[in-house]
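A look at the structure
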Amino acid sequence: MRIATMVKALVGILLWIVVALCLLLTLVPPFLDRIYYEGGETAHFDGQHFANPDGETAPAPALGFAFLAHRIASANRQPPWPASVAVRQSRPPARVDGQGMRVTWIGHASVLIQTQGLNILTDPVWSDVAGPFGIGPKRVAVPGVPLADLPRIDLIVVSHNHYDHLDKATLKALWQRDRPLVVTGLGNDSVIGQAGVPARGLDWGQRLTLRPGIDVVVTRNHHWSSRWFADRNRALWSSFVVTLPGGNLFFAGDTGWGDGKWPVEAAALGPVRFAAIPVGAFRFKPGQMAADAHIGPRDAIRVWDGLGRPWALPIHWGTFRLSWEAYRTPPDMLAAMLRCGRTDPARFAEHAIGQGFDVPAIGAPPSAPNDDGIARCRAEGRFDRFR
């Protein structure tokens with residue numbers, strides 16, 4: 001018992017030494033800062049840093065390290081996660097032509113969408129660890145499609161530069177194999193270029209034409225960016241709309257709720273047929289329902305509603321442990337909230353990693369979710385069982 005106490009104390013001392021060193025590094029930003037983008041001032045760029053026009057999200061470095069220390073110290077009190085989960089990997093078709101649309105969840109925010117003869121990939125991450133130098137959260141679920149079985153990719157969209165979304169090793173492998181078009185927000189093209197991969201960096205509202213009638217549009221969301229200690233918000237974060245003849249594709253990227261206007265702005269570009277919406281990494285303390293930088297199931301339903309209630313896939317859960325909630329809390333809470341909201345849960349439902357599914361043509365959307373019903377269920381404690 002005495003030895004265990006001494007070891008615990010030693011680990012605590014070493015942890016705080018690491019935190020202190022990290023804090024010291026943030027005091028010398030000239031040695032660590034990175035300039036990813038240079039341009040004129042806009043409503044969300046002051047000439048040096050990007051910002052959310054509806055309010056700031058990025059934590060100060062000191063707060064980030066304090067949070068990390070708390071996470072490590074409280075790890076044994078967090079809901080358990082599996083060390084690994086079974087994944088039935090698949091091999092998608094080479095192409096899906098015409099109005100057909102097939103979607104395969106690779107894991108986390110990586111989604112393959114096949115339609116109109118195009119293979120579109122969002123935030124591709126095949127690495128085992130989401131972090132620098134092999135340090136960070138480890139995968140508990142292998143990618144739903146082995147990289148070797150992935151069809152030739154035509155378009156990749158990268159939402160921002162956090163390691164669980166921008167994986168230079170994966171991007172390099174895909175570029176060397178397929179030479180896809182890579183589209184991202186301003187400044188992330190510089191980060192991606194470090195891997196020898198050319199990318200097109202666009203601002204919110206800008207678009208690039210793939211072929212007549214099919215554009216990729218960089219759209220607003222609510223987040224922050226960083227690859228290192230002192231490069232906060234040097235690159236832009238974004239969501240994406242891909243305009244398509246049979247109805248648009250929307251990828252929310254990684255986002256908090258913010259002012260909640262950005263889903264409606266995306267829907268104004270045309271009816272949305274399919275959306276990939278994050279539901280996980282929202283509980284950074286017990287009972288929390290959302291964080292400023294991440295939406296949970298409640299706000300994900302609001303995003304889905306603002307988009308016109310299309311067929312949607314809940315993403316950003318079940319691959320890397322990034323926050324407090326239990327492994328299955330995001331999809332199970334989402335399903336429970338949709339039932340309480342008395343709307344069709346099948347249109348925004350969990351699909352297994354690696355198991356592709358067909359998205360129907362646009363039809364009449366289901367009834368709008370009943371906010372009062374969801375609030376009543378919460379007041380009655382129906383969501384308290386979700387840790």
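Residues numbered from 1 in each chain as written. Predicted model: local features only at pLDDT ≥ 70, side-chain atom pairs only at ≥ 80, totals over all residues. Heavy atoms only, no water.

Digging into the side chain of R347
Condition: We count a stretch as a helix when DSSP gives it H or I for four or more residues in a row; a strand needs E for two or more, and each element gets its number in order from the N terminus. Any two residues whose heavy atoms approach within 4.5 Å at even a single point are treated as in contact.
Note that R347 resides in the loop between helix 8 (329–340) and strand 13 (357–358). Ignoring anything within four residues of it in the chain, the contact list for R347 reads W304, R309, P310, W311, A312, A364, P365 and P366.

Concerning the sheet that holds strand 4 (residues 155–158)
Which entries qualify depends on this criterion: Paired strands, as defined in this entry, are two strands with at least two bridges between them according to DSSP.
With mixed pairing, the 7 strands of this open sheet are ordered in space as 6-5-4-3-2-1-13. Of all the strands in the sheet, just strand 6 (200–202) and strand 13 have a single pairing partner and so form its edges. Note: strand 3 (residues 118–122) against strand 4, 3 bridges, orientation parallel. Bridge pairing in strand 4 places I120 opposite L155.

Here's the deal with the sheet that holds strand 11 (residues 272–278)
Where we set the bar: Angular values range over 0 to 180 degrees, each being the angle between N-to-C directions of two axes fitted as lines to C-alpha atoms, with helices fitted over their stretch in contact.
Read from one edge of the open sheet, 6 strands run 7-8-9-10-11-12, paired in mixed fashion. Edge strands, defined here as strands with exactly one partner in the open sheet, are strand 7 (207–211) and strand 12 (311–315). Across the sheet, the axes of successive neighbouring strands diverge by a mean angle of 15 degrees, strand direction being ignored. As paired strands, strand 11 and strand 12 are joined by 5 bridges and run parallel to one another. Counted as the bridge partner of I277 is P314 from strand 12.

Notes on the confidence of the model for the protein chain
Which entries qualify depends on this criterion: The predictor attaches a confidence to each residue, called pLDDT, with possible values from 0 through 100.
For the protein chain, the mean per-residue pLDDT works out to 91, and 87% of the residues sit at or above 70. Every residue in residues 25–29 scores below 50 in pLDDT, and together they form 6 contacts with partners more than four places removed in sequence or on other chains.

Brief notes about helix 8
Note the following rule: Helix span, as expected, comes to 1.5 Å for every residue beyond the first. Burial here depends on accessible area, computed with a 1.4 Å probe over protein chains only, as a share of the maximum for the residue type. Under 20% is buried, over 50% is exposed, and the range in between is partly exposed.
With 12 residues, helix 8 should reach 16 Å at 1.5 Å per residue; the first-to-last C-alpha distance of 16 Å fits that figure. Burial analysis of helix 8 places 9 of its 12 residues in the buried class, which makes it a mostly covered element. For helix 8, the set of buried residues is T329, P330, P331, M333, L334, A336, M337, L338 and C340. The elements touched by buried residues of helix 8 are helix 7 (297–306), strand 12 and helix 9 (371–379). At the exit of helix 8 stands R342, carrying a positive phi of roughly 55 degrees.

As for the packing of helix 7 against helix 8
Rules: For this classification, under 35 degrees means roughly parallel, over 145 means roughly antiparallel, 65 to 115 means roughly perpendicular, and everything else is oblique. Each crossing gets its handedness from the near helix: less than a right angle anticlockwise from the far helix is left-handed, clockwise is right-handed.
Axis separation between helix 7 and helix 8 bottoms out at 9 Å; the angle between their running directions is 60 degrees. Between helix 7 and helix 8, the interaxial angle falls into the category oblique. Remark: the crossing between helix 7 and helix 8 carries right-handed chirality. Listed contacts from helix 8 to P297, R298, I301 and W304 of helix 7 are P330, M333, L334, M337 and L338.

Quick notes on empty space enclosed by the protein
Defined as follows: Buriedness for pockets is judged along seven lines, at least five of which must meet protein on both sides within 12 Å for an open set on the 1 Å grid over protein atoms alone, while cavities are sets there where a 1.4 Å probe fits but cannot get out, and lining residues have an atom within 4 Å of a point. Grid points are joined across faces, edges and corners, and a volume is the space filled by probe spheres set on the points. Think of it as three bins: nonpolar holds Ala, Val, Leu, Ile, Met, Phe, Trp, Tyr, Cys and Pro, charged holds Asp, Glu, Lys and Arg, and polar takes everything else, Gly as well.
Inspection of the entire model under this criterion finds 3 cavities of 30 Å³ or more. One number sums up the size of the largest cavity: a volume of about 80 Å³. Partitioning the lining of the largest cavity into residue classes produces 7 nonpolar, 5 polar and 2 charged. Taken as a whole, the second largest cavity holds about 40 Å³ of empty space. F274, W311, A312, A346, R347, F348, A349, H351 and F357 are the residues that line the second largest cavity. In terms of residue class, the lining of the second largest cavity is built from 7 nonpolar, 1 polar and 1 charged.

Quick word on the side chain of S225
How we decide: In protein, a polar contact means a hydrogen-donor-capable atom and an acceptor-capable atom, both N or O and within 3.5 Å, with residues adjacent in sequence counting only if both atoms are side-chain atoms; elsewhere, any N or O pair within 3.5 Å suffices.
Position of S225 relative to the elements: it lies in the loop between strand 8 (214–219) and strand 9 (239–242). There is a polar contact of 2.6 Å between the side chain of S225 and the backbone oxygen of A235. Non-local contacts of S225, meaning those with residues more than four positions away in its chain, are made with N161, H162, D231, R232, N233, R234, A235 and W237.

What about the packing of aromatic side chains?
Two aromatic rings are characterised by how far apart their centres lie and by the angle between their planes. Quick reminder of the rule: Aromatic rings from Phe, Tyr and Trp, taking only the six-membered ring of Trp, are treated as a pair when their centres fall within 6.5 Å; an angle between ring planes under 30 degrees marks them as stacked, one over 60 as edge-to-face, and anything in between as tilted. Charge over a ring is defined by NZ of Lys or CZ of Arg lying within 6 Å of the ring centre and within 35 degrees of the ring normal.
Per the counting criterion, the structure on display carries 10 aromatic pairs. Between the aromatic rings of W105 and W317, the centroid separation amounts to 5.4 Å while the plane-to-plane angle is 40 degrees, which identifies the pairing as tilted. Of this pair, W105 sits in strand 1 (residues 101–107) while W317 sits in the loop between strand 12 and helix 8, and the two are 212 residues apart along the sequence. Looking at W317, the relative accessible area reads 6%, which means it is buried. Each member of the aromatic cluster is reached from another via a ring pair, and the members are W81, W105, W317 and Y327. Positioned above the aromatic ring of Y163, the side-chain terminus of R227 is 3.8 Å from the ring centre. R302 extends its terminal NZ or CZ atom over the ring of W257, reaching a point 6.0 Å from the ring centre.

Quick look at the pattern of salt bridges
Cut-off, in case you're wondering: For this document, the term salt bridge refers to a Lys or Arg side-chain nitrogen within 4 Å of an Asp or Glu carboxyl oxygen.
Following the criterion strictly, the structure yields 13 salt bridges and no others. Where R177 meets D178, a salt bridge forms, and the shortest distance between an N and an O atom there is 2.7 Å. With relative accessibility at 35%, the residue R177 sits in the partly exposed group. Judged by relative accessible area, D178 falls into the buried class, the value being 4%.

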